[in-house]
Amino acid sequence: MALSACVTPSQPDASQESVLDAGFDGGREFDAGPARPVFASCEGVVVGVPVSGNPCDCVSSRQSCTILGCTWDCAVCSTLSPCPTGWECEVILPPYCEGRCRRRIPPCSGTISQRVELTLVAPDCRITGCRFRHVLDFDAGVMTCIAEDASDGGFRQTAHGGALSPDLSSGIAELRCRSTAELDGLYCVTSVAEAVAQFDDEAPITWILGSAAGPSQSFDAAALQVFRQCSEIFRGWDAGVYPFRF
């Protein structure tokens, strides 16, 4: 799902929205004590990650231990503990305003597609199997928003999503030259929501929102505009709950 919530010590700004954490509710700041402050909102909060021993004897205390050994993929990060070069600190959430290191895949030259479908799958939705489809017809210049409950006999609600900006096509097309394998992060996911992109009639590209690897910022920026355009329609659908806040 830049769209980044990443912040760095030189520019602490946790207010940028992300496909991963867009629109998490803010709130009043409060403090649970000097040892471990907690916050209702992370906007403008500057915190450090507590230094502690590493159970797998990694070289750096900022690396975490997984079944594959030491990796930055699972490392906790914050506004004051940036990730290694080429990684970003994303999904910075209350109460401790910590996130996870994430590697952005560089953009590549994808060919423009006339029809693209971006789907968000929310397995934790109140009705199992909620799918939110964003069908982009760049030839006609329109978008269709389709909410589905695959567990209930294929219940579907379709609505016109309005005009589609042609400026989005290049950012969306960037993902076309990638593969599911490149975006696959099995061991270090921070969200169970799934994203699927399908160009024309090609095989879909699938990844987990919040996994250690993520699409480029150019794709994320375009995708965020698409998701926002359908979000109000999905919030009003009759068969379930729209869990995203774009």
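Reading the values: rules and limits
- Residues numbered from 1 in each chain as written.
- Predicted model: local features only at pLDDT ≥ 70, side-chain atom pairs only at ≥ 80, totals over all residues.
- Heavy atoms only, no water.
- Buried < 20%, exposed > 50% of the residue type's maximum accessible area, 1.4 Å probe, protein only.
- Helix = DSSP H or I, 4+ residues; strand = E, 2+ residues; numbered from the N terminus.
- Pairing = 2+ DSSP bridges.
- Core = buried A, V, L, I, M, F, W, Y, C linked by side-chain atoms within 4.5 Å.
- Contact = heavy atoms within 4.5 Å.
- Axes fitted to C-alpha atoms, helices over the stretch in contact; angles between N-to-C directions.

Undergrad: Could you give an account of the pairing of strand E7 (residues 130-137), naming the residues involved and the relevant values?
TA: Most of E7 is tucked away, with six of its eight residues classed as buried. Looking at chain direction, strand E6 (residues 115-122) and E7 are connected through eight bridges and run antiparallel. Note that in E7 the partner of Arg115 across the bridge is Asp137. Relative to strand E8 (residues 142-149), E7 runs antiparallel, the two sharing eight bridges. In the sheet register, Asp137 faces E8, and the bridge partner there is Val142. The loop that links E7 with its antiparallel partner E8 comprises four residues; one of these, Gly141, has a positive phi angle of about 75 degrees.

Undergrad: Could you give me a rundown of the nonpolar core, with the residues and numbers involved?
TA: Membership of the largest hydrophobic core comes to 37 residues, with the highest contact counts inside it found for Leu118, Leu120, Phe132, Leu136, Ile172, Trp207 and Phe244. Elements with a minimum of two residues in this core: E6, E7, E8, helix H1 (168-173), strand E10 (194-199), strand E11 (205-208) and helix H2 (217-235). The greatest single-element share of this core, amounting to eight residues, is contributed by H2. Ignoring anything within four residues of it in the chain, the contact list for Phe244 reads Leu120, Ala122, Phe132, Ala193, Leu209 and Arg235. Membership of the second largest hydrophobic core comes to eleven residues, among which are Val47, Cys77, Cys83 and Ile92.

Undergrad: If you had to explain the sheet that holds E6 to someone new, which residues and values would you point to?
TA: Taken together, the six strands give an open sheet; going across it, the order is E9-E8-E7-E6-E10-E11, and neighbouring strands pair in antiparallel fashion. Whereas interior strands pair on both sides, the edge strands pair on one side only; in this sheet they are strand E9 (155-163) and E11. Direction aside, neighbouring strands of the sheet carry axes that sit 15 degrees apart on average. The pairing of E10 with E11 spans four bridges and is classified as antiparallel. Along E11, the bridge assignment pairs Val196 with Thr206. Lying over the sheet, H2 contacts E6, E7, E8, E9 and E11, oriented at roughly 65 degrees with respect to E8.

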